[in-house]
Amino acid sequence: MRPFLLKGGRVIDPSRLTDGVADVYVVDGKIESIGHNIEVGLDADTIDVTGRVVAPGLIDVHVHLREPGQEDQETIATGAMSAVAGGFTAICSMPNTDPVTDNQAAVGFIVRQSIRAAKARVYPIGAVSLGQRGEQLAEFGELVGAGAVAVSDDGHPVVSSHLMRTALEYAKVFGIPVADHCEDMALAKGGSMHEGIVSTRMGLQGIPSAAEEIMVARDIILAELTGGHVHLCHMSTRGSVDLIRRAKDKGLRVTAEAAPHHFSLTHDRVLGYDTNAKMNPPLREEEDREAIRQALKDGTIDVIATDHAPHHYDAKEREFDEAPNGIIGLETALGLGLRELVEPGLLSLPELLDRMSTQPARVFNLSGGTLAIGAPADIVVFDPARRWTVDPTLGFSKSRNTPFAGEELPGVVEWTFVDGRRVYRKGSS
Amino acid sequence: MTSPLGKDLIGLESLTPEQIQLMLDTAEPFKEVSERSIKKVPALRGKTIVNLFFEPSTRTRISFEFAEKRLSADTVNVASTGSSVSKGETLVDTARNLEAMRIDMVVVRHSMSGAAQFLAERIRSNVVNAGDGKHEHPTQALLDLLTLRDRFGRLEGLKVAICGDVLHSRVARSNIWGLLKLGAQVGVCGPPTLLPRGIEALGVTVLPRIEDAIEWADALNILRLQLERMQGGFVPSLREYNRVFGVTSERLDRAPRDLVILHPGPMNRGVEIDSDVADGPHSVILPQVTNGVAVRMAVLYLLAGGSPDWAAPPAGEETR
Ligand SMILES: [Zn+2]
């Protein structure tokens, strides 16, 4: 692999709080040096990235890749390709595959498939319970040994408080977080959108915010009881934000993520019964959206994670109540972060990149999220000023279920590197 | 040929007061058609209408069918039993098939909110919502409005209390929009478990007890209590519901004025309404049924591009 120099870009490294124009020199897949007038080898390529941002590759701790089981919706290869096109160099795949990723062999399969795809790094998340049935703990040791970086029963909550307690305790042995999908199933039952004035008007059964908050409160209490690390997936309500803030003030090991759609959209988007606005947790109210934004600013919510959830087009082409939850998100996340958080002046660009790379690496204890000298060269180069129009037919995911189709977003990803390998180049992949 | 209502009738929420008024006014001459010995006019001759009922309904289907036949349309009934609908054919496939058969109008009833709109967005035919989930049931609300207007001579300023399971009721939603748009005041009354949280934001008054509703209102529209609400944990028992929220003649006797009683049917006598109230002098439950046919004739006629100025031609033109 030839060494290369990224020349003249705005280099932002949230892990070292640096931000300025510089050159980045990559040798043998690692960051060799950053500075000016770097002496490069004769065989080195020089890439002019003037006017572009050079940053640690983005990391998404919550994606659904559908393989094995629903390869018509996504595969590890297409998901990993979609990731690098969105500027992500690493993604964590949720275990609600078919069969469930609840054993060593299943984790190994994902790792092997991702190596074959050779795009973004794919870190498997193992199941908390066998078959995600919420009864018996999966073998965390075996899962971690095969490459799992966390455990989750995502898709479902860990309903049993006893199982959640034991999972948090046992996960401490391996230093991994237990990522919980917080939903009180009895309260949410039958619901297909947020419970509020819009659900009343549309005659759709609502899911109250309390369904999420009750489980958030429980998980926080169990984190305190056990000293384990609970990671709260896709937070969507202002009440959840308040609970997390108090937990963090107490010094508990609680981390949280929010999805771009929850800081971009509200339940009004469901009007007209657009099934691409159906997700779980649902789009909430303006006050919730604002609370999520503030929580991303002040660090109450640690990371942005997409909850990338591909669905075949005809699965969404049906009655709202019957349509599956979720949207794809890998290729729109950066643009939404820029448009919704940076352009209004809420987050600085380095802060956005921190929530999308450095913090995810820290929370899930992954490599990456840094441009430190000697670190693997997982790098994204994007043009923050150029705008593009979302056209799902041009995306790399196998699925097209996004509510952002036709919208204009800032931030065009131009190059993505993993281990110094060029895994994405705008217009040539 | 664009109708003053647009292509479809999905709900009253999106309509203007003038459009709602137009449907009510157009229903007036159609009332008279149903009083004739030969109850038929040629307004929709040559039009094909499919009554697509994904959810069982006797009353609404029969009412639409009478309306269609009295307008001389050709009709086909597709019910959810014994058709491809029950064999798992998707709504989108059903829509495509209807489109391929060049149907002029589709009257659709479906258990899921949004289904009528879903269909309307995918076919060129006019779509009439005959009830979609908990969303809207516009022709039911129109016949309620017409019945109230017949009784009071006006809707403006009228106080109408909608009583019962508002949470799960498409009839309630359509009535709320229609009444508010035509200047009536709307109260809702029922167990808090069956009232949507924050419904005041729609512009209605919440009346906590049935006695409050009876004291406040000029008319009560009493919703049917679905028996499955007990399994859902919304009400403990039918007996208790009747005792706390039932409209009984003892309660009505204490009303400051005679209340007009509406019910969209089918009734659970002895649950939400007592028989002596349902059959009593202030009940307009049977006029509602009569008006249902006239209102549906008006809706179909207008959507088909009929002139609002139309007056029923004399019988005889379409005798045989
Ligand atoms: Zn989830």
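Residues numbered from 1 in each chain as written. Chains lettered and ligands numbered in written order. Predicted model: local features only at pLDDT ≥ 70, side-chain atom pairs only at ≥ 80, totals over all residues. Heavy atoms only, no water.

Moving on, we come to the pattern of salt bridges. One side chain can pair with another of opposite charge once the charged atoms of both are near each other. This model, assessed by the stated rule, comprises 52 salt bridges over all chains. Glu340 of chain A is paired through a salt bridge with Arg289 of chain A; the nearest N and O atoms lie 3.5 Å apart. Placement of Glu340 of chain A in helix α12 (residues 333–342) and of Arg289 of chain A in helix α10 (residues 286–298) is noted, with a sequence separation of 51 residues between them. The class of Glu340 of chain A is buried, set by a relative accessible area of 9%. Between Arg109 of chain B and Glu55 of chain B there is a salt bridge; the shortest N-O distance is 3.6 Å. Of this pair, Arg109 of chain B sits in strand β3 (residues 105–110) while Glu55 of chain B is found in the loop between β1 (48–53) and α2 (59–70), placing the two residues 54 residues apart along the sequence. Judged by its relative accessible area of 19%, Glu55 of chain B is buried. Through salt bridges with shared partners, a single ionic network connects Glu286, Arg289, Arg293, Arg339, Glu340 and Glu407 of chain A. (Salt bridge = Lys/Arg side-chain N within 4 Å of Asp/Glu carboxyl O. Helix = DSSP H or I, 4+ residues; strand = E, 2+ residues; numbered from the N terminus. Buried < 20%, exposed > 50% of the residue type's maximum accessible area, 1.4 Å probe, protein only.)

Let us now look at the layout of surface pockets. Here the second largest pocket defines a volume of roughly 590 Å³. Split into classes, the residues belonging to the lining of the second largest pocket amount to eight nonpolar, 17 polar and eight charged. (1 Å grid on protein atoms, 1.4 Å probe; cavity = no way out; pocket = protein on both sides within 12 Å on 5 of 7 lines; lining within 4 Å. Points joined across faces, edges and corners; volume = space filled by probe spheres on them. Nonpolar A, V, L, I, M, F, W, Y, C, P; charged D, E, K, R; others polar.)

Time to look at unusual backbone geometry. Between Asn280 of chain A and Pro281 of chain A the backbone carries a cis peptide bond, its omega angle lying at 0 degrees. If you trace the backbone, Pro281 of chain A turns up in the loop between α9 (260–264) and α10. Cis geometry marks the peptide bond from Gly265 of chain B to Pro266 of chain B; its omega dihedral reads -10 degrees. With a phi close to 55 degrees, Ala118 of chain A is a non-glycine residue in the positive phi region. Along the chain, Ala118 of chain A turns up in the loop between α2 (104–117) and β8 (121–126). Residue Ala118 of chain A is classed as partly exposed on the basis of its relative accessible area, which comes to 29%. One non-glycine residue with positive phi stands out, namely Ser72 of chain B, at about 70 degrees. Checked against the element boundaries, Ser72 of chain B lands in the loop between α2 and β2 (74–79).

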